[in-house]
Amino acid sequence: MNVVRVSENSDPDNLLSEFERETGMERQAEGIVLAILAILAIWGAWQVPGASPGDTWAGIVPFSTSVALLVLSSLMILSSIRASSTGREMAGSESHGTVDILILFAIAMIYQQSFRWFGYVLPTAIVAPVVLYIFGVRSWVGLAVSVVLCPLIFHILFFVLLGVFPPYGEVFDLLDWLQG
Amino acid sequence: MEIFPALLSVITDPTLLFAIVLAAAVGMIVGATPGLTASAAIAMLLPITFYMPPLFALAFLYVIGKSGRYGGSVAAILFNTPGTAASAATQIDGYPLARAGKAGKAMKVATISSVIGDLMGDIMLVVGVGFIASIALKLGPPETFAIYFAAFVVIGSVIGKSIVKGLASALLGILVAMVGLDPISSEERYTFGSFDLSNGIGLVPLMIGVFVLGEVFAQLEERKKTKGEIKENAIDPTGHSLTYEEYKPCIPHAVRGGFIGAGIGVLPGLGSAIAAFISYGEGKRRAKNPEQWGKGALEGVAAPEAANNAVSGPSMAPLLTLGIPGSTIGAILLGVFLIHGIQVGPTLFLTDKELVYQLFACGMLGIVAYGVIGYFGATQVARLILKVPVNVLYPLIFLTAFIASYSARGSMFDVTVMTVAGFVGWLMRKYDFNVAAFVISFVLAKGAEETFRQSLLMSDGGALIFVERPIAASFILLGLAAMGFRIRSIMKERRLAEGGLGDA
């Protein structure tokens, strides 16, 4: 992921210093996120009740692990500050396709939640062409076929052949309706 | 000697033989498909194996793992896109050979070297695993915890670009494993009052999320970078035969690579990528034609490929004898053992010795299977892969991830875990955190915690027990030394880079 992108028309010195600032900030942000996670984990471990006599505290491993994570996040923040000030940082992350991934993640979250409401078949029939479209399939016939084929094939493979009990839709279940 | 009756029993079981051949073909196709990994395929197929007998399930996934490692070389040679991290070393000489119209020759060298390395690794595993298990039986909780500690430190610090991020990934894996009821006192940890969380985070949805859905996210990002263009190279199927005279100079490199890979494979976490690059570097240093390396030397394909595949067998040794998976594939296989109610560790060789040796036998037959398929059919496999529409493949994988994670336990909570794990896995990849360290630490955490707390009980709460016992102390020192060496090598690389920039 670490790639330096240099435009031909840009002044290399300005571009590099701007880039270093961005990367230093990015690493600092990573350290801060980790530190927040570590503090939350320390707080969570602290909620574990104390040990009964002759036993060990159930929170000892979570607590020591989160303290170690806090130390590492502090190291990350310190090193990013130092790297920004000395201008040693040389690499950064690109943000290509991040919006698409966020959209796909949102679809994934809605898709998994919709199993609870509408069972497996209907959400899959809707999501399959949407995901195919996101990945670049532009054939309307192909997308239409996926509406039927994807839920059908997965249903046969997992719920018929493997005998897995399908999730039941609380609001409406197409499979239930089809089977009468 | 247990391996011979095991081989006989596997050879005489046609269903198992069919599964091995099928797994070899599937692993090769998956490994050769750019962007797909054997880990992803195994994680996706894991729920299906719930419905299979233990040996069948283990053999199927184990052979996919082996064949997938080899399959990575096909993508590296033909498409200039290594299917696995380890295949990046094969790409250095493999792709120039393909550009020079010698793709078939390079793939045959890769196949033969992979088979040599993999068989060497498996033979060393069969010979040495019983010995390691007998030693492991004598280890107490402090020693076992020290081994876990060394594994955490090595996995966190040696793999990946950043030691801090690697160790942080390992710690995050431990923290996620702590969610749920404490197995000793039944106290709730990180459950926030949720009943679903009190059962803990499942291994299967986590694996599917990180390796499968995370990979789909990563591929979407990759497609945006390349604007949907897939680099394709012309394949010339004619005139790519390999003679013995041509392969002869490769034999010492393949054998050396086999020893390097087997040696590295037995150490948890180091993995095949490190073995492949060390073998490549060592091969080039000793080569008679070092100037040819990097421009299309057949030896440059043989050395990393043998090492890459030799890792596979020995990486099972810490998994089977100590319950410590040495790789992500090992971590998934540990899940299969647990799902089928088989306790992995030194006692495995007392309770399920026959199963273990039958699994080794399946592995060896799997090597032969992918060797034959690869030698005669690698070009056809490559053609098939080029025909697979990637824009259809990844949406199908996306949909499979959901149903596969649901099928594991019929739990909708598992599907939610898988979805979140997928996004977290993509974020970790994007920001150079170590996904392998995260998953392996997640798997190791429970065992490590148990031995740590048993040790504390033994010593009435004193942590000095870990330094007072010599074996425990030496493993802790080993972990710290590995981290020290890694820091030193990073500092050295940085100084060299700065020197290089200064010269420029």
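Everything below is about the structure printed above this text.
For every chain, the first residue of its written sequence is number 1, and the numbers climb from 1 along that sequence. For naming, the first written chain is A and the first written ligand is 1, with later ones following in the order written. In keeping with the predicted nature of the model, local features appear solely for residues at pLDDT of at least 70, side-chain atom pairs appear and are counted solely at 80 or more, and the whole-chain, interface and lining totals rest on all residues. Heavy atoms from the whole structure form the basis of all side-chain values; hydrogens and water molecules are not counted.

Two residues form a contact once any of their heavy atoms are found within 4.5 Å. At the interface, 61 residues of chain B touch 64 residues of chain A. The junction of chain B with chain A conceals about 5,700 Å² of combined surface from both sides, 77% of it contributed by carbon and sulfur atoms. Throughout, the accessible surface (probe 1.4 Å) given up by two parts as they are put together, summed over both, is called the buried area. On the chain B side of the interface with chain A, the three residues burying the most area are Leu220, Leu399 and Ile403 of chain B, jointly 11% of the side's total. Any carboxyl oxygen of Asp or Glu within 4 Å of a side-chain nitrogen of Lys or Arg constitutes a salt bridge here. Joining chain B to chain A, the criterion identifies one salt bridge. Only DSSP runs of H or I covering at least 4 residues are called helices, and only runs of E covering at least 2 are called strands; the numbering of each starts at the N terminus. Elements with a minimum of two residues in the side of chain B that touches chain A: helix H8 (163-177), strand S2 (188-189), helix H10 (203-225), helix H19 (390-409), helix H20 (412-430), helix H21 (435-458) and helix H23 (470-503) of chain B. Sort the elements by how many residues they give to the side of chain B that touches chain A and H19 of chain B lands first, with 13 residues. Its residues assigned to classes, the side of chain B that touches chain A comprises 38 nonpolar, six polar and 17 charged. As a working rule, the residues Ala, Val, Leu, Ile, Met, Phe, Trp, Tyr, Cys and Pro are called nonpolar, Asp, Glu, Lys and Arg charged, and the rest polar, with Gly in that last group.

Turning to helix H3 (residues 38-45) of chain B, a few remarks are in order. Taking burial as the measure, the eight residues of H3 of chain B include seven buried ones, the bulk of the element. Burial status follows relative accessibility: with a 1.4 Å probe on protein chains alone, a residue under 20% of its type maximum counts as buried, one over 50% as exposed, and anything between as partly exposed. For H3 of chain B, the complete set of buried residues consists of Ala38, Ser39, Ala40, Ala41, Ile42, Ala43 and Met44 of chain B.

Buried residues of nine kinds, namely Ala, Val, Leu, Ile, Met, Phe, Trp, Tyr and Cys, make up a nonpolar core once their side-chain atoms join them within 4.5 Å. Counting residues in hydrophobic clusters, the biggest one holds 190 residues, and the most contacted among them are Leu104 of chain A together with Met207, Phe211, Phe337, Phe360, Phe398 and Phe402 of chain B. Take this core: its biggest share by element is 16 residues, from helix H18 (residues 353-387) of chain B. Split by domain, this core shows at least three residues from each of two domains, domain 1 (12-86) and domain 2 (98-178) of chain A. Those residues in contact with Phe402 of chain B that sit more than four places away from it in its chain are Ala108, Tyr111, Gln112 and Phe115 of chain A together with Leu213, Val415, Met418 and Thr419 of chain B. Bear in mind that the domain bounds are from an automatic or database domain assignment.

All right, on to a nonpolar patch on the surface then. The residues that make up patches have over 30% relative accessible area and no salt bridge, and they are joined within 9 Å when like-charged or within 5 Å when they are Val, Leu, Ile, Met, Phe, Trp or Tyr. Using a 1.4 Å probe, accessible areas were evaluated by the Shrake-Rupley method; residue-level cover was limited to the displayed protein chains. On the surface, Val141, Val145, Leu149, Leu152, Ile153, Ile156, Leu157, Val160 and Leu161 of chain A cluster together to form a nonpolar patch covering roughly 800 Å² of accessible area. Here Leu149 of chain A falls in the partly exposed class, since its relative accessible area comes to 39%.

Residues and elements named next belong to chain B. Axis definition: a line fit to C-alpha positions, over the contact stretch in the case of helices; interaxial angles, taken between N-to-C directions, run 0 to 180 degrees. Running from N to C, helix H6 (residues 103-136) and H18 point in directions that differ by 175 degrees, and their axes come no closer than 9 Å. Judged by the inter-axis angle, H6 sits roughly antiparallel to H18. Residues belonging to the contact of H6 with H18 are distributed by class as follows: 15 nonpolar, seven polar and three charged. The labels follow the angle: roughly parallel below 35 degrees, roughly antiparallel above 145, roughly perpendicular from 65 to 115, and oblique for the rest.

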